[in-house]
Protein chains: 2
Amino acid sequence: MTSPDPQRIYTAALVVIGDEILSGRTHDRNIAQVASWLQVQGIRLAEVRVVPDVEARIVEAVNALRAAHDYLFTTGGIGPTHDDITVDAVARALDVPVIVHPEARAILERYYADKGGINEGRLRMARAPQGAELIPNRMSGAPGLRIGNVFLMAGVPHITAGMLDALTGTLEGGARLLSMTIGGFIPESEVAGLLRDVERAHENCQIGSYPFFREGRVGSNFVIRSTDAAALSACRDALGEGLSQAGFAWTEGGI
Amino acid sequence: MTSPDPQRIYTAALVVIGDEILSGRTHDRNIAQVASWLQVQGIRLAEVRVVPDVEARIVEAVNALRAAHDYLFTTGGIGPTHDDITVDAVARALDVPVIVHPEARAILERYYADKGGINEGRLRMARAPQGAELIPNRMSGAPGLRIGNVFLMAGVPHITAGMLDALTGTLEGGARLLSMTIGGFIPESEVAGLLRDVERAHENCQIGSYPFFREGRVGSNFVIRSTDAAALSACRDALGEGLSQAGFAWTEGGI
C-alpha cells in the first residue's frame with residue numbers, strides 16, 4: 001500500500017454479472033456489501049452496472065468503467081459452468097489470452113482432493129486472464145482474480161465477503177467519507193427548504209434525505225456526509241437546531 | 001396497448017438513482033421488483049445502472065439506455081428535497097423544459113389539504129419534463145411520470161410497486177419468458193459438462209446454474225428459460241434424466 005493522498009477522491013465501479021439478477025430471481029446483495037466495504041477503504045462507489053451473461057455486454061461495461069475509475073470490481077460468473085464467462089470477457093476486454101493459472105490449479109487440486117478430484121468443470125475455475133494475481137478465497141476452493149485495476153470476485157455473497165476481507169487495507173484510498181444521521185417522524189416535504197439551506201451553508205457537506213413510512217406515520221432520516229469531521233459536526237448541529245426551531249423532534253443516529 | 005409481436009424480444013433498462021444505494025446505506029429492492037414485473041409484461045430487463053445524485057451522470061445513463069432499449073425506467077430522486085433531481089436530469093437528457101404539471105399540482109393540493117397545505121418543497125413534486133404524462137401513485141401524493149419511452153418512478157419500494165401496478169398491461173411486450181427450475185444437493189462443478197451439453201442440444205433454451213451452501217452442504221438450482229413452452233419442457237426432461245443418470249437426486253421447482 002503506497003501512501004494515500006487524503007485530498008484525492010478515489011472512486012470505484014462495480015459490474016454485477018448475472019442473468020439471475022436481471023430476471024428478478026435473485027436479489028442482489030453484493031452492491032451494498034461492496035459499497036460499505038469500499039467506504040472503509042476510503043474509496044467511493046461511483047457507479048454500478050448490472051449486465052447479463054453475454055460476453056460483449058461484459059466487455060463493454062468493463063472497458064467503460066475501468067478507464068473511468070481507480071478500481072473496477074466484478075461479481076459473478078467465475079464458477080465452473082458454461083454460463084460462467086467473466087474470465088473470458090475480462091481477458092477480451094484487456095486484450096490478453098486466457099491461461100490456466102498454475103497456483104489456482106494447485107489450490108483447486110488440493111480443495112477437491114477428497115471431493116472426487118479435479119475435472120473439466122472444476123478446472124475452468126483455474127482459468128485466468130494472463131497476468132492476473134489470485135485473491136484468496138477462504139470459503140471455498142476457487143480464488144478471485146486481480147489484473148491491473150480490475151478485481152474479479154464471486155457472485156455468492158458470503159464468498160465475496162471473504163474475498164473483500166482478504167483485500168482489506170491493500171488498496172490505496174483517500175480520506176474516508178464520514179457520515180452522521182439524524183431523523184424523526186418528520187415529513188421531508190415540510191423541511192425541504194431547511195435541508196437545502198443548511199447544505200448550502202456548509203461547504204464539503206452533503207445532506208441526503210431518506211423518507212420512510214413506519215407505524216402508519218411518515219418520517220425521514222437525514223444523512224450528512226463529509227470527509228471533514230469538523231464540517232460534518234457543524235452541519236449536523238445546524239440541521240438539528242433548524243429542525244428543533246421548526247418544531248420537530250429528532251433523534252441522533254436516525255430512527 | 002397495440003398488438004404485440006410474439007417473435008420480437010422487447011427489452012428495458014433501469015437507472016437506479018441515489019447516493020444511498022452507492023454508499024451501502026440502503027439495500028436496493030427495486031432491481032428485483034422491476035425485473036420480476038417486466039417478465040410478466042413480456043419485457044426483459046437487459047441492463048441496470050446505479051448512478052449518484054449528480055445531474056450529468058443521470059443524463060449520461062438516461063441517454064445511453066433510452067436509445068438502446070424499448071423502455072427505460074428510473075427509480076429515485078422524485079421527492080421534495082434538494083437532492084431530488086431526476087426530473088431536471090431527464091428534462092435535460094430529452095432537451096425539453098421543466099414545467100409545473102397542472103394535474104400533478106392539483107393532486108398534490110388535494111393530498112396535502114389536511115396535511116398543512118402545499119409549500120415550496122411539495123410543489124417540487126409537481127414539476128415534470130414538458131410533455132410528460134402522470135403515472136398514478138395510490139400510496140402517497142406525488143405521481144410518477146412517463147415521457148416517451150422513459151418512466152420515472154419513486155425510490156421507496158412500496159410506492160414503486162403501486163406505480164408498476166398502475167402500468168400493468170399497458171406496455172407492448174413480446175412472448176413472456178418462461179422458466180422451470182430443478183435443483184438438489186448437487187455440486188455444480190460435477191455436472192458442468194452435462195449442463196453445457198443439454199443447453200447446446202436444446203435450441204431457444206438457456207440454463208442458468210445457481211450454487212448455494214445450506215445445512216452445511218453444497219447444492220445448485222438449475223433454471224431453464226425459454227419463450228417456447230415445449231422446448232422448455234423437453235430441456236428440463238433431458239437435464240433431469242442426465243442428473244439422474246449421473247446419480248444425483250433432484251427436486252422439481254428447485255430447493
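Our structure's up above, just so we're on the same page.
Given the structure is predicted, the values throughout are model-derived calculations rather than measurements.

How each quantity is defined
- Residues numbered from 1 in each chain as written.
- Chains lettered and ligands numbered in written order.
- Predicted model: local features only at pLDDT ≥ 70, side-chain atom pairs only at ≥ 80, totals over all residues.
- Helix = DSSP H or I, 4+ residues; strand = E, 2+ residues; numbered from the N terminus.
- Contact = placed C-beta atoms within 7 Å.
- Buried ≥ 20, exposed ≤ 12 C-beta atoms within 10 Å, placed from the backbone.
- Pairing = 2+ DSSP bridges.
- Least-squares fit on C-alpha atoms with pLDDT ≥ 70 in both.
- Axes fitted to C-alpha atoms, helices over the stretch in contact; angles between N-to-C directions.
- Arc of directions from axis to C-beta.
- Parallel < 35°, antiparallel > 145°, perpendicular 65-115°, else oblique.
- Left-handed = near helix turned anticlockwise from the far one by under 90°.
- Nonpolar A, V, L, I, M, F, W, Y, C, P; charged D, E, K, R; others polar.
- Expected span 1.5 Å × (residues − 1).

Visitor: Which parts of the structure should I look at to understand the overall build of chain A?
Guide: Looking only at helices and strands, one finds 9 helices and 12 strands in chain A. Principal-axis analysis of the C-alpha atoms gives chain A an extent of 70 × 45 × 35 Å. Put simply, of all contacts in chain A between residues at least 6 apart along the chain, 70% involve residues at least 24 apart.

Visitor: I keep staring at the environment of B:Glu199 and nothing clicks. Help me out?
Guide: Among the structural elements, B:Glu199 can be located in helix H8 (residues 192-201). Along the backbone, B:Glu199 and B:Ile17 are 182 residues apart, and their C-alpha atoms lie at a distance of 37 Å. The residues touching B:Glu199, leaving out its near neighbours within four places in the chain, are A:His82, B:Cys205, B:Gln206 and B:Ile207.

Visitor: Where do I start with the pairing of strand E8 (residues 150-153) of chain B in this structure?
Guide: Moving residue by residue along a regular strand, the side chains alternate between the two faces of the sheet. Residues and elements named next belong to chain B. Neither face of E8 is open: one carries Val150 and Leu152, the other Phe151 and Met153, and all of them are buried. Bridge count between strand E3 (residues 71-75) and E8: 4 bridges; the pairing is parallel. Pairing of Thr74 across the sheet is with Leu152, part of E8. As defined by bridge partners, strand E7 (residues 144-147) adjoins E8 across 3 bridges and the pair is classed as antiparallel. By the bridge assignment, Ile147 is partnered in E8 with Val150. Connecting the antiparallel pair E7 and E8 is a turn made up of 2 residues, with Gly148 showing a positive phi of about 60°.

Visitor: Teacher, can you tell me more about the relation of the copies chain A and chain B here?
Guide: One copy of the chain maps onto the other through a rotation about an axis plus a displacement along that axis. The two copies are related by a screw operation: chain A maps onto chain B through 180° of rotation and 0.0 Å of translation along the axis, at an RMSD of 0.0 Å. Read as a symmetry element, the transformation amounts to a two-fold axis. Across chain A, the smallest distance between a C-alpha and the rotation axis is recorded for A:Arg49, namely 2.2 Å. Both copies contact each other with a shared surface, as 100% of the interface residues of chain A are interface residues in chain B too.

Visitor: Looking at this model, I keep getting lost on the sheet that holds strand E2 (residues 43-51) of chain A. Mind explaining?
Guide: Paired through backbone hydrogen bonds, the strands of a sheet run either parallel or antiparallel to each other. Here we have 12 strands laid out as an open sheet, ordered E6(A)-E7(A)-E8(A)-E3(A)-E1(A)-E2(A)-E2(B)-E1(B)-E3(B)-E8(B)-E7(B)-E6(B), and mixed in their pairing. Unpaired on one side and paired on the other, strand E6 (133-135) of chain A together with strand E6 (133-135) of chain B mark the two borders of the sheet. Direction aside, the axes of adjacent strands within the sheet are offset by 20° on average. Alignment of E6(B) against E7(B), held across 3 bridges, turns out to be antiparallel. Looking at E7(B), one finds that B:Glu133 is bridged to B:Arg146. Across the sheet, helix H4 (residues 86-94) of chain A lies against strand E1 (10-17), strand E3 (71-75), strand E7 (144-147) and strand E8 (150-153) of chain A, angled at about 170° from E8(A), the strand it touches most. Contacts between helix H3 (residues 55-68) of chain B and the sheet are confined to strand E1 (10-17), strand E2 (43-51), E3 and E8 of chain B, with E1(B) contributing the most and set at about 175° to the helix.

Visitor: Got a minute to help me understand helix H7 (residues 157-167) of chain B in this structure?
Guide: For the α-helix, the turn length of 3.6 residues means that residues three or four positions removed from each other point alike. Residues and elements named next belong to chain B. Burial in H7 covers these residues: Ile159, Thr160, Met163 and Leu164. Down the axis of H7, the sector holding all buried residues measures 140°, keeping them to one side. Residues of H7 that are exposed and point more than 90 degrees away from the buried face comprise His158 and Asp165. Contacts made by the buried residues of H7 are with helix H2 (30-40), E3, E6, E7 and E8.

Visitor: Honestly, the sheet that holds strand E9 (residues 178-184) of chain A in this entry has me stumped. Any pointers?
Guide: All names here are of chain A. The strand order across the open sheet built from 4 strands is E10-E11-E9-E12, with neighbouring strands paired in antiparallel fashion. Both edges of this open sheet fall to strand E10 (206-214) and strand E12 (251-252), since each of them pairs with a single strand only. Sheet topology places E9 next to E12; 2 bridges connect them, and they run antiparallel. Its bridge partner lying in E12, Ile182 is registered against Glu252. Contacting E10 and strand E11 (217-226), helix H8 (residues 192-201) crosses the sheet at an angle of about 155° to E10.

Visitor: Before we go on, may I ask you to explain the packing of helix H3 (residues 55-68) of chain A against H4(A) in this structure?
Guide: Pairs of packed helices are described in terms of their axes, by the angle between the two and the distance that separates them. Residues and elements named next belong to chain A. Two elements in contact, H3 and H4, have axes whose closest approach is 9 Å; the angle formed by their N-to-C orientations is 50°. Between H3 and H4, the angle falls in the class oblique. In this structure, H3 meets H4 at a crossing whose hand is right-handed. Contacts between H3 and H4 pair Glu55, Ile58, Val59, Val62 and Asn63 from the former with Thr86, Asp88, Ala89, Val90, Arg92 and Ala93 from the latter. In terms of residue class, the contact of H3 with H4 is built from 6 nonpolar, 2 polar and 3 charged.

Visitor: Any chance you could explain the interface of chain A and chain B here in plain terms?
Guide: By convention, interface size is frequently given as the accessible area that disappears when the constituent parts associate. Counting residues at the interface gives 47 residues for chain A, matched by 47 residues for chain B. Among the secondary structure elements, those contributing two or more residues to the side of chain A that touches chain B are helix H1 (19-22), helix H2 (30-40), E2, helix H6 (120-124), H8 and E10 of chain A. The greatest single-element share of the side of chain A that touches chain B, amounting to 7 residues, is contributed by E2(A). Of the residues belonging to the side of chain A that touches chain B, the class tally is 18 nonpolar, 15 polar and 14 charged. Alignment of E2(A) against E2(B), held across 3 bridges, turns out to be antiparallel. Looking across to E2(B), one finds that A:Val48 is bridged to B:Val50.

Visitor: Honestly, H3(B) in this entry has me stumped. Any pointers?
Guide: If you check H3(B), its first and last C-alpha atoms are 20 Å apart, about what 14 residues at 1.5 Å a residue would give, namely 20 Å. Buried-residue contacts for H3(B) involve E1, E2, E3, helix H4 (86-94) and E8 of chain B.

Visitor: So what exactly am I meant to see when it comes to unusual backbone geometry here?
Guide: A negative phi holds for most residues other than glycine; trans holds for most peptide bonds. A positive phi is found at A:Asn204, a non-glycine position, where the angle reads about 65°. Considering the arrangement of structural elements, one finds A:Asn204 in the loop between H8 and E10. With phi around 50°, B:Glu215 is a residue other than glycine that occupies positive phi space. Counting through the fold element by element, B:Glu215 comes out in the loop between strand E10 (206-214) and strand E11 (217-226).

Visitor: Mind showing me how you'd approach the environment of B:Asn221 here?
Guide: Residues and elements named next belong to chain B. Within the secondary structure layout, Asn221 lies in strand E11. By the C-beta count within 10 Å, which is 23 here, Asn221 ends up buried. If sequence neighbours within four positions are ignored, Asn221 has contacts with Thr181, Gly183, Tyr210, Gly254 and Ile255.

Visitor: How do you make sense of the pairing of E3(B) when you look at a structure like this?
Guide: Residue and element names in this part refer to chain B. Across the 5 residues of E3, 5 count as buried, placing the element largely inside the fold. Every second residue of E3 is oriented toward a common face, with Tyr71, Phe73 and Thr75 on one face and Leu72 and Thr74 on the other, all of them buried. Alignment of E1 against E3, held across 5 bridges, turns out to be parallel. Residue pairing in the sheet places Ala13 in a bridge with Leu72 of E3.

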